Amino acid sequence: MTQEKIITADKLTKRFGNFTAVDAISFDVYKGEIFGFLGANGAGKTTAMRMLCGLSIPTSGKAQVAGFDVYKQTEKIKRNIGYMSQKFSLYEDLTIKENIRFYAGVYGKSDVFIKEKTEYLLKQLHLENEANKLVGSLPLGWKQKLAFSVAIFHEPRIVFLDEPTGGVDPVTRREFWNMIYAAAESGITVFVTTHYMDEAEYCNRVTIMVDGRIEALDTPSNLKQTYNAATMNEVFLQLARKANRTADQLE
Amino acid sequence: MKQFFSFVKKEFLHILRDRQTLLILLGMPIALIMIFGFALTTEVKNAKFAVLDFSKDVATKELTSELDASRYFDLVAEIHDYKEIETLFHQGKASIVIVFPPSFYSDLQHLNTAPIQIIADASDPNVATTLTAYATTIIMDYQKRLTLNRKLPYAIQTEVRMLYNPQLKGSFSFVPGVISMILMLVCTMMTAITIVREKEIGTMEVLLVSPVQPIKIILAKAVPYLLISIVNIISILIISVFVLDVPIKGSLVLLLSESILFTITCLSFGLLISTATNSQQMAMFISLTGMFLPTVMLSGFMFPIENMPWILQVISNIFPARWFYQIVRAVMIKGLPLSSVWKETLILCGMTVLLLIASLKNFKIRLA
């Protein structure tokens, strides 16, 4: 982890009519960090992430991602980030190779780059024999790992993961997080949202969002000390009790 | 550009790998046209008829065998009393009865006029009207032959000619209709579904976060369906010309160009529908009931627009298929050139542009 700030947010706000989804959040993310964005469903995590990805223009406040402004330079932001959502992101009726080729092409990577890195990637994941199989035929755990690899294939500076381990067994989750560590080590900053509090332990620093505001921002160990808790789950419960809105209200 | 092609290639892969849907997309037009051509026809053939002949002279006998000889009628009974007609109709033994009054031929010769009564089973009014028309035509033909060498004073000879379609073949009206239907189904519904599918499985989100311009995503989805539609149009036209004997009187180039225009209109419609929903089922539902069904009923292909109440006539103007149907009929059946259909063509162009603008605006709004 370095001291170079790769994401900065200053009183970032998003309002939909009378409803304030994200309420003046401020934070910084450093290059190479694994930065966790925690919170209950409906707390505003996804909305905040969408603003940082250039998908949604903030109502007020400032933010920069990889040095680009979220209001005026969304195209440049998109070129420099990767993304993986909780819904699965690869095409089930295309082969592994076809999927990689497609997404890498979208980010403008050369054929040479694609070919070489595909070979390397398949070897890493032990999927050389499945290269020409349809993604739909893979087990779910493999699909998740593959989706992550494809998300960072074009070597972005930041990768945004929106609840990436939903519906996946604990072993695969562990393996997935190993991949996240490896990515961070190679210099990619990882911005991950999750509502699994045990995954918070894997992050360098976490924030906890409640009702659109950041109620806590620190390393997991500091937070546990501050709130006198044994696990991040307990920290979260203490903070979440203050919440006024739940996902049910939003639906 | 290279990026665009890789998108188009991906879309083709999706379509080609879905064998079942592909079969429907390419096979359905052929199936539809065959069904319409051979099975569903508004023509009536070999209709059973009976004769109630009070004259039994040379003219009535000749007329009766004329009717029997035609492919439209088959003589099944010679009855002797009006009361027998009801029995025939009740039992379904005949659909129409020709009644000759006594001294038919001698009245014709001496009074220059003689009536014939046609009684039809109108419980199916369409069949009854058609059969009555056929019978009348055959009778008038006979009359013409009888009076060929006679000069009848002050007689008004009505000569009926069915222009463009002398045999009154039903197939002439539905080939344009089937083309419209197929294009709407394939283009509108499938385009809507394919875009919404990406939203459903989550890949659309990833694409929107990428540096790709949304317009490329949409256009790349439209291209394969444009090509499939062209294939479909050509196969429908081939079958129409060679199997159903429906000629292409006008310019083939004009016909194809107008079809491609209508295809783009339908694609735009599909695009608009895709911005309105996130579920494939909903997309299909809206396409079918909101667009396809009303279009089939109000575009003039099944039921003549002129017969509809005024308000429905006005509403029918909204549907692009109504204008396209007129264009195809004009070009294909009547052989008219562009100068006769420029108004309808312009309307179609305008609708396409409107739909495209609306869809793109809607699409952009969804992004924010």
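Residues numbered from 1 in each chain as written. Chains lettered and ligands numbered in written order. Predicted model: local features only at pLDDT ≥ 70, side-chain atom pairs only at ≥ 80, totals over all residues.

**Concerning the overall build of chain B**
- Of regular secondary structure, chain B possesses 14 helices and four strands.
- Here chain B has a C-alpha radius of gyration of 27 Å; the compact-globule value for 368 residues is 21 Å, and the former is much larger.
- Reported as C-alpha extents along the three principal axes, the dimensions of chain B are approximately 90 × 45 × 40 Å.
- Split into buried and exposed, the 368 residues of chain B put 35% on the buried side.
- Sequence separation of at least 24 residues holds for 77% of the intrachain contacts in chain B that already meet a minimum separation of 6. (Helix = DSSP H or I, 4+ residues; strand = E, 2+ residues; numbered from the N terminus. Rg over C-alpha atoms; globule rule 2.2 N^0.38 Å. Buried ≥ 20, exposed ≤ 12 C-beta atoms within 10 Å, placed from the backbone. Contact = placed C-beta atoms within 7 Å.)

**With respect to the overall build of chain A**
- A count of helical and extended segments in chain A gives 10 helices and 10 strands.
- For a compact globule of 251 residues, the expected C-alpha radius of gyration is about 18 Å, and chain A comes in at 18 Å, within 12% of that figure.
- In terms of overall dimensions, chain A has C-alpha extents of about 50 × 40 × 40 Å along its principal axes.
- A total of 251 residues make up chain A; the buried ones form 43% of that total.

**Describing the pairing of strand E2 (residues 19-30) of chain A**
- Direction of pairing for strand E1 (residues 5-16) of chain A relative to E2 of chain A: antiparallel, over a ladder of eight bridges. Counted as the bridge partner of Thr8 of chain A is Asp28 of chain A from E2 of chain A. (Pairing = 2+ DSSP bridges.)

**So, the sheet that holds E1 of chain A**
All names here are of chain A.
- Taken in spatial order, the four strands make up an open sheet running E2-E1-E4-E5, and their pairing is antiparallel. At either end of the open sheet lies a strand with only one pairing partner, and these are E2 and strand E5 (68-69).
- Where strand E4 (residues 60-65) meets E5, two bridges bridge the pair, whose relative direction is antiparallel. Looking at E5, one finds that Val65 is bridged to Phe68.
- Helix-sheet contacts for helix H1 (residues 45-52) involve E1, E2 and E4, and the interaxial angle to E1 is about 120°. (Axes fitted to C-alpha atoms, helices over the stretch in contact; angles between N-to-C directions.)

**Let's talk about the domain arrangement of chain B**
- The domains assigned to chain B are domain 1 (2-40 + 169-367) and domain 2 (47-146).
- Just the C-alpha atoms count here: the centres of domain 1 of chain B and domain 2 of chain B sit 47 Å apart. (Domains from an automatic or database assignment.)

**So, the pairing of E1 of chain A**
Residue and element names in this part refer to chain A.
- Here E1 folds back onto E2, and the loop between the two strands holds two residues, one of which, Gly17, carries a positive phi near 65°.
- Bridging between E1 and E4 involves five bridges; their strand directions are antiparallel. Along E4, the bridge assignment pairs Ile7 with Val65.

**Quick look at the interface of chain B and chain A**
- Each partner contributes residues to the interface: chain B has 19 residues there, and chain A has 20 residues.
- Top element by residues in the side of chain B that touches chain A is helix H1 (residues 2-17) of chain B. It accounts for six residues.
- Its residues assigned to classes, the side of chain B that touches chain A comprises nine nonpolar, six polar and four charged. (Nonpolar A, V, L, I, M, F, W, Y, C, P; charged D, E, K, R; others polar.)

**Side note on unusual backbone geometry**
- One non-glycine residue with positive phi stands out, namely Glu163 of chain A, at about 45°.
- Locating Glu163 of chain A in the fold gives a position in the loop between strand E7 (158-162) and helix H6 (170-185).
- In this structure, Ser103 of chain B is a non-glycine residue whose phi angle is positive, near 50°.
- A residue is classified by how many C-beta atoms lie within 10 Å of it, and Ser103 of chain B, with 15 of them, is partly exposed.

**So, the packing of helix H3 (residues 58-69) of chain B against helix H5 (residues 104-111) of chain B**
All names here are of chain B.
- At a closest axis distance of 6 Å, the pairing of H3 and H5 adopts a crossing angle of 110°. With respect to H5, the element H3 is oriented roughly perpendicular. Note on element contacts: H5 touches H3 through Phe104, Tyr105 and Leu108, opposite Val58, Ala59 and Thr60.
- Across the contact of H3 with H5, the residue classes tally to five nonpolar, one polar and no charged. (Parallel < 35°, antiparallel > 145°, perpendicular 65-115°, else oblique.)

**Considerations on the sheet that holds strand E4 (residues 117-120) of chain B**
Residues and elements named next belong to chain B.
- If you trace the four strands from one edge of the open sheet to the other, you get E2-E1-E3-E4, paired in mixed fashion. The open sheet terminates on both sides in strands that have one partner only, identified here as strand E2 (73-79) and E4. Recorded for the sheet is a direction-independent mean angle of 25° between the axes of neighbouring strands.
- Helix H4 (residues 83-90) rests against strand E1 (47-53), E2, strand E3 (96-100) and E4 of the sheet, and its axis sits at about 135° to E2.
- Packing of helix H6 (residues 125-146) onto the sheet brings it into contact with E1, E3 and E4, and relative to E4 it is tilted by some 155°.

**Some thoughts on the confidence of the model for chain B**
- With 91% of its residues at a pLDDT of 70 or more, chain B shows a mean pLDDT of 84.
- Interface scoring of the predicted complex returns ipTM 0.81; its pTM is 0.75. (pLDDT = per-residue confidence, 0-100.)

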